[in-house]
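Commentary on secondary and tertiary structure
Residues per chain are reported as follows:
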Amino acid sequence: MFKKTNIRFIIIGVAVVLALYSLYWTFAYNLMSPAKMESLKTAGNLDKYESRIIRLGLDLQGGMHVVLELNLPKLVETIASNKTSEFYTILQATTQEAKATNEDFFSVFERNVEKNNFRLVRYFTNRGYKNSDIVQSLKDESKDAMRRALEIIRNRVDQFGVSEPTIQKAGEYRIIVELAGIQDAARARQLIQSTALMEFNLLKEPEVTQSFIASVDNYLKTGKTDIVKEAVAANDSTVAFKESKDKSVSVNELLGRTSVGTSKQSETTDSSVIVDEAMFADKPFSSLLRNVNGMIGVPERNVFAVKKILGNPAVDKLRPYDSKFLWSAKPEKMTMQDGKTESFYILYHLNNEAGLQGKYITKASATVGGAGAQTAGQPIVNFGMNNEGAKIFSRLTGSNIGKRLAIVLDEKVYMAPSIRSKIPNGSGYIEGLEDMNEAKNIAIVLRAGALPAQVDVIEERTIGPSLGKDSIVIGTQIGALALLIVMIFMFFYYRNSGLLANMALILNMIFTMAIMAMLRATLTLPGIAGLVLTIGMAVDANVLIFERIREELERGKTVKAAIETGYSRALSAILDSNITTLLTALILMQFGTGPVKGFAVTLFWGITSSMFTAIFVTRTFYNWRTDRHVLKTLSI
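About the thresholds
Residues numbered from 1 in each chain as written. Predicted model: local features only at pLDDT ≥ 70, side-chain atom pairs only at ≥ 80, totals over all residues. Heavy atoms only, no water. Helix = DSSP H or I, 4+ residues; strand = E, 2+ residues; numbered from the N terminus. Buried < 20%, exposed > 50% of the residue type's maximum accessible area, 1.4 Å probe, protein only. Contact = heavy atoms within 4.5 Å. Areas by Shrake-Rupley, 256 points an atom, 1.4 Å probe, with all protein chains shown as cover. Salt bridge = Lys/Arg side-chain N within 4 Å of Asp/Glu carboxyl O. Phe/Tyr/Trp six-rings, centres within 6.5 Å; stacked < 30°, edge-to-face > 60°. Lys NZ or Arg CZ within 6 Å of the ring centre and 35° of its normal. Pairing = 2+ DSSP bridges. Axes fitted to C-alpha atoms, helices over the stretch in contact; angles between N-to-C directions. pLDDT = per-residue confidence, 0-100. Arc of directions from axis to C-beta. Core = buried A, V, L, I, M, F, W, Y, C linked by side-chain atoms within 4.5 Å.

Some thoughts on the overall build of the protein
In terms of helices and strands, the protein carries 19 helices and 20 strands. Within the protein, the proportion of its 636 residues that are buried is 47%. Intrachain contacts of the protein at a sequence separation of at least 6 include 72% that bridge at least 24 residues. On the protein, roughly 32,400 Å² of surface is accessible, and the fraction owed to carbon and sulfur atoms is 54%.

Following this line, the structure appears as structure tokens:
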């Protein structure tokens, strides 16, 4: 395969170009000035860089590592409908024994219950009659509580604005949270541990929202903070927008008219947003918005600019005091007239006071609509409330038929369905979902409003940014020193062939880092150790090959024959050693966490790349030499 040298050089050239292109984004991002970074963020173009760079781990960037554990005794206590002194005695004994023996909590709980002839049916309703069935039900409840806790923490971390957080389940009842680059550890800790806020808020009337948008348009155009009244058609249910004709304009051109703009950026900086060309001159704020299924849509690249405008103190004074603006939890994708797919976030104008809080929700489940119903065969979410919540919900829905009611979790709107009729019994369903997975997610979100048990911090580590920078400097210096020592040794021991091995070694480092950038892998301090180890293992393949070639030359073979025989005989040994290492690294990648996984990632891709550079690249250059000239000697 690939016998022709020209084809082999083309393959190497394409690989090098792709690797350099992949690494360009990392270098450009890290060398970017704060002013340009802010400009690109405003234009919505910074994600183009952040999605293609090599991410730094917690130990290199600094940040916060927290391990949370679900409080199972508190969960059982909360679920119990009847609580006596005997119940608390059993619960306390189970808690102490589980901590002392590190045994599963529910196994200890079931054993203690049976030992004391304790009948759980007296304390837990609607969970079966046998103790084993009730304990299994409690265990299922704990697993559901973990899923809800994960959802809550993810939502809160996203709200906190941490780039590329790591939130993962560890074991059955623990959650690992790693927030790289976090500055305020105390605030992050409070954010993670706080209870989720679930609310039902009515959307403001269309004329109120339209008046606010018109007032902002007037402010951006003239600098005046007058309230502008703008009429809306009687049958309109939302803000009216025409079909847009988009164009790209400078952010400075949009924001520079008033004090909304920040510090002046360079005129040569590529900072732009998408606006409606027909509306931009008279209505600069409206030109940023779009009609998405009758709601206010904001193109994804315009979101930062819209947030900046809404956050301006002068604009905030124009907002009705009893209202607030919230964003959709996720973007919606739409196909435009030119066939391209565009992502939009929905901007909701809500009543500031919630019509109903999620604390009244007692159950929510994902299911499929029954036969004969309007939602037959479609995924829906059924929810129910307690008596107090049912009364409030009945008044809320009965007096607002035809209006939209937003379901809000952690200041993000998950949906805003129209109220079709009064709901007197505190139960209902949500329809119009894409699939059962989305229905399950919404059910989790609804149930997350009343987390049944608290989560406790059992481990916390904070790494300062200066320590992370020191780790990068030390790691880079050690890696460079190791590379230099190996390269010097290879040159003095193998002469010109050593130079060829050194070139392959450098290419191996480039390819390894490029692969990590393309896969959005995270580089950690153990990962740097993996790279250093890769240097030695990568050059080991060339040592095997060169020693084989030397042996063939000593037997009197020609240079070309010695090279061919040396590569063929060394190949099996190289593959054996590298494949066993790759399998080990693969296992560590799959089952390892934290530092172990970081080490395994760089080792795996470093060894994979080294087989290409040590075998394919060096052989290509040898073929090129022997094809051009009949070599009588070889510097090796």
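There's plenty left to go through after this.
Side note on the side chain of Glu 199
Structurally, Glu 199 is set in strand β5 (residues 198–202). Of the residues examined, Glu 199 reaches a relative accessible area of 10% and is grouped as buried. Setting aside chain neighbours within four positions, we find Glu 199 in contact with Lys 324, Ala 354, Leu 356, Gln 357, Gly 358, Ala 406, Ile 407 and Val 408.

Describing the pattern of salt bridges
One pass over the structure, following the stated rule, counts 20 salt bridges. Through salt bridges with shared partners, a single network forms among Glu 552, Arg 555, Lys 557 and Arg 569.

Considerations on the environment of Asn 112
With respect to the helices, strands and loops of the structure, Asn 112 is situated in helix α7 (residues 105–115). According to the relative accessible area criterion, Asn 112 is buried, its value standing at 5%. Separated by 21 residues in the primary sequence, Asn 112 and Leu 91 place their C-alpha atoms 9.0 Å from one another. Not counting residues within four places of it along the chain, the set of residues in contact with Asn 112 comprises Ile 90, Ala 93, Thr 94 and Glu 97.

As for the packing of aromatic side chains
Under the defined criterion, the tally for this structure stands at 23 aromatic pairs. Members of the aromatic cluster, each reached through a chain of ring pairs, are Phe 87, Tyr 88, Phe 118, Tyr 123 and Phe 124. We note Arg 52 situated over the ring of Trp 25; from NZ or CZ to the ring centre the distance is 4.5 Å. The ring centre of Trp 327 lies 5.7 Å from the NZ or CZ of Lys 307, which sits over that ring.

Quick notes on the sheet that holds strand β19 (residues 455–463)
The strand order across the open sheet formed by four strands is β3-β4-β2-β19, and the pairing between neighbours is antiparallel. With partners counted over all chains shown, the strands left at the sheet margins are β3 (166–170) and β19, one partner each. Averaged over all pairs of adjacent strands, the angle between strand axes in this sheet comes to 15 degrees, irrespective of strand direction. Relative to strand β4 (residues 174–180), β3 is paired through five bridges, and the arrangement is antiparallel. Residue pairing for β4: Ala 170 is matched across the bridge by Arg 174.

Focus: the confidence of the model for the protein
Chain-level pLDDT for the protein is 82 on average; 85% of the residues reach the 70-or-more range. For the stretch residues 234–242, pLDDT sits under 50, and the model shows 18 contacts to residues farther than four places along the chain or on other chains. Confidence drops under pLDDT 50 across residues 259–270; counting only partners more than four residues distant or on other chains, this segment forms 19 contacts.

Some points on unusual backbone geometry
Positive phi is not limited to glycine here, since Asn 117 has a value of about 50 degrees. Its place among the elements puts Asn 117 in the loop between α7 and α8 (131–160). With relative accessibility at 69%, the residue Asn 117 sits in the exposed group. Although it is not a glycine, Arg 520 sits at a positive phi angle of roughly 55 degrees. We classify Arg 520 as partly exposed; its relative accessible area is 30%.

Here we look at helix α2 (residues 34–43)
Those residues of α2 that sit buried are Ser 39, Leu 40, Thr 42 and Ala 43. Down the axis of α2, the sector holding all buried residues measures 160 degrees, keeping them to one side. Immediately beyond the C-terminal end of α2, within one or two residues, lies Gly 44, with a positive phi of roughly 80 degrees.

What about the side chain of Thr 94?
Topologically, Thr 94 is positioned in helix α6 (residues 85–101). For Thr 94, a relative accessible area of 0% gives the class buried. Apart from residues no more than four positions distant in its own chain, Thr 94 is found in contact with Phe 105, Val 108, Phe 109 and Asn 112.

Digging into the nonpolar core
Formed by 40 residues in total, the largest nonpolar core has its most connected members in Val 76, Phe 124 and Ile 175. Looking at this core, the elements with two or more residues in it are β2 (63–70), α5 (72–79), α6, α7, α8, β4 and α9 (185–193).

Considerations on the pairing of strand β16 (residues 405–409)
Across the five residues that make up β16, a large majority, five, are buried. Across the two faces of β16 the burial is the same, with Leu 405, Ile 407 and Leu 409 and Ala 406 and Val 408 all buried. Judged from the five bridges that link them, β5 and β16 form a sheet pairing that is antiparallel. By the bridge assignment for β16, Met 198 is matched with Leu 409. One ladder, built from three bridges, connects β16 with strand β17 (residues 412–415); its direction is antiparallel. For Ile 407, the partnering residue across the bridge sits in β17 and is Met 415.

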